[in-house]
Amino acid sequence: MLKQHGVADIKIEKNDDPIPPAVSEAVNSSAQAILENINRAVVINPVSLLSLILLATPKHTLDEDICIEQLDTYRNLLTSLPYDERTQVTPLSGREIIAYALKLKLIKRVNHVLGNIIAIEDGQAVLLTYFRNNILHAFVLPSLIAALVNHNGAIRRSDVVNISSTLYPFLKAEMFLKWHEDEIQQYVNCYIDGLLNAQLISAEAENLVSPMPNTEARHQLEVLAAPVMQSIERYYMTLALITQRGSGNISTRQVEELSHLVGQRLSVLYEFNSPEFFDKALFQSFIKTLTKKGYIRNNEDNAIVFDENFKNIAQYADLVLDEVKLQMLHNITAFTDEELKEALDALAAEQAKKRAKRKKK
């Protein structure tokens, strides 16, 4: 990697010497390649697959028969459309996966006369997010397609491809996805065909159509749509913060700090505390990609400047998130000038305390 970037012979004499930009680029490229290749070699194990499904439900519970069907559907989808040739998928059936997780005491079976229910054991939800996050990238494209079809009921296939292509650079940066931006449309079409073959969606003329409400297929589609939602909510939240302040009125650093604070507050609305939702690095990655794609730029005062193209991205959220969620995100990101100053002052004071503690140590 060092030779590829022409920096193999560069020597840095002292630890505090500035790192040449070419070396930084080589390190960043190496890190990107390593993370993408880790994701290519993902192992879809029983616990990860079950975590992905149960954490996508409102109370982390699911009818046992539906859970088994969902597990088998996911396995079949990954087998027919593997994320990569190095990806490995558990050979266990849905029923065997549930038996395996029960043995590990990660889930529990609630017996009921109308049908048994599978639920995450008390205190295990946060642990299972780790397992879910290890395989999330392998499902994010089908999840985005499912979210678009599920939310709209019927949507043109070409719109799904175009919207997915627009959002893909942000998902790629966040999850270290392997596909290049110029080839993503063909993979979106492949996943659309995969969902059609699995009968989770149907085609009518130019439209992709969701199953009828209150059917097993519709419920499966709703569960598949859930994994991508946190990312879309984070994106919309950051876009709303920037838009609400107006072009040229807030800096990149302020947006990152505010997004982190708002994300912390928003996580309370989830069934359990989800630290990765408000991870500051994810907001930094999103803003960096916005800048790279030309949606925003910094002016001479280091404030974020944007135009109509930037506002158009936020409109895509309307095609994924329901009105209640959009309104909630809009309200939680609306700051007056005074509230903004108080929040940033409080954050600065907190950071000063942390620095002082570190110095004492």
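Residues numbered from 1 in each chain as written. Predicted model: local features only at pLDDT ≥ 70, side-chain atom pairs only at ≥ 80, totals over all residues. Heavy atoms only, no water.

A.B. asks: Explain helix α14 (residues 323–332) to me, please; I cannot follow it from the model alone.
C.D. replies: Three or more residues of α14 are buried, namely Leu326, Leu329 and Ile332. Looking straight down α14, one finds its buried side chains confined to an arc of 140 degrees; they lie on one side. In this structure, α14 carries Glu323 and Val324 as exposed residues pointing more than 90 degrees from its buried face. Elements in contact with the buried residues of α14: α10 (229–245) and α11 (252–267). (Buried < 20%, exposed > 50% of the residue type's maximum accessible area, 1.4 Å probe, protein only. Helix = DSSP H or I, 4+ residues; strand = E, 2+ residues; numbered from the N terminus. Arc of directions from axis to C-beta. Contact = heavy atoms within 4.5 Å.)

A.B. asks: When you look at the sheet that holds strand β8 (residues 207–209) in this model, what are you seeing that I'm missing?
C.D. replies: Two orientations exist for strands paired in a sheet by backbone hydrogen bonds: parallel and antiparallel. Read from one edge to the other, the open sheet built from 3 strands follows the order β6-β8-β7, with strand pairing classed as antiparallel. In this open sheet, the two edge strands, each paired with only one partner strand, are β6 (154–156) and β7 (202–204). The sheet shows a mean angle of 35 degrees between the axes of neighbouring strands, taken without regard to direction. Bridging between β7 and β8 involves 3 bridges; their strand directions are antiparallel. Each bridged residue has a counterpart across the sheet, and for Ala203 the counterpart in β8 is Leu208. Contacts between helix α6 (residues 140–152) and the sheet are confined to β6 and β8, with β6 contributing the most and set at about 125 degrees to the helix. (Pairing = 2+ DSSP bridges. Axes fitted to C-alpha atoms, helices over the stretch in contact; angles between N-to-C directions.)

A.B. asks: Help me understand the sheet that holds strand β5 (residues 117–120) in this model?
C.D. replies: Reading across from one edge, β2-β5-β4 is the order of the 3 strands in this open sheet, with antiparallel pairing throughout. The open sheet has two free edges, formed respectively by β2 (61–63) and β4 (107–110), since each of these has just one partner strand. If you compare each strand with its neighbour and ignore which way they point, the axes differ by 25 degrees on average. Both β2 and β5 contribute to a ladder of 3 bridges, which runs antiparallel. What sits directly across from Leu62, in β5, is Ile118. Against the sheet, helix α4 (residues 94–103) makes contact with β4 and β5, and its axis sits at roughly 110 degrees relative to β4, the strand it touches most.

A.B. asks: So what exactly am I meant to see when it comes to the packing of aromatic side chains here?
C.D. replies: Here a ring pair, both rings aromatic, is described through the centre-centre distance and the interplanar angle of the planes. The final tally for this structure, using the stated rule, is 11 aromatic pairs. Look at Phe170 and Tyr235: their rings are 5.9 Å apart centre to centre, the planes differ by 55 degrees, and that puts the pair in the tilted class. Here Phe170 is found in helix α7 (residues 157–175), whereas its partner Tyr235 is found in helix α10, with 65 residues between them in sequence. Tyr235 carries the same exposure label as Phe170, and that label is buried. Judged by centre distance (4.6 Å) and plane angle (10 degrees), the ring pair of Tyr235 and Phe286 falls under stacked. (Phe/Tyr/Trp six-rings, centres within 6.5 Å; stacked < 30°, edge-to-face > 60°.)

A.B. asks: Looking at this structure, how should I read the pattern of salt bridges?
C.D. replies: Note on pairing: side chains with opposite charge can pair once their charged atoms come close. For the structure on display, the rule yields 12 salt bridges. Residue Lys172 pairs with Glu36 through a salt bridge whose shortest N-O separation is 3.5 Å. Highlighted residues: Lys172 in helix α7 and Glu36 in helix α1 (residues 21–40), separated in sequence by 136 residues. On the basis of relative accessibility, which here comes to 14%, the residue Lys172 falls in the buried class. Its relative accessible area of 14% is what places Glu36 among the buried residues. Its salt-bridge partner being Arg253, residue Glu257 comes within 3.0 Å of it at the nearest N-O pair. Here Glu257 pairs with Arg253, and both are found in helix α11, just 4 residues apart, close to one helical turn. Exposure remark for Glu257: the relative accessible area of 6% places this residue in the buried category. Via salt bridges that share partners, Arg40, Asp84, Arg86 and Lys178 belong to a single interconnected network. (Salt bridge = Lys/Arg side-chain N within 4 Å of Asp/Glu carboxyl O.)

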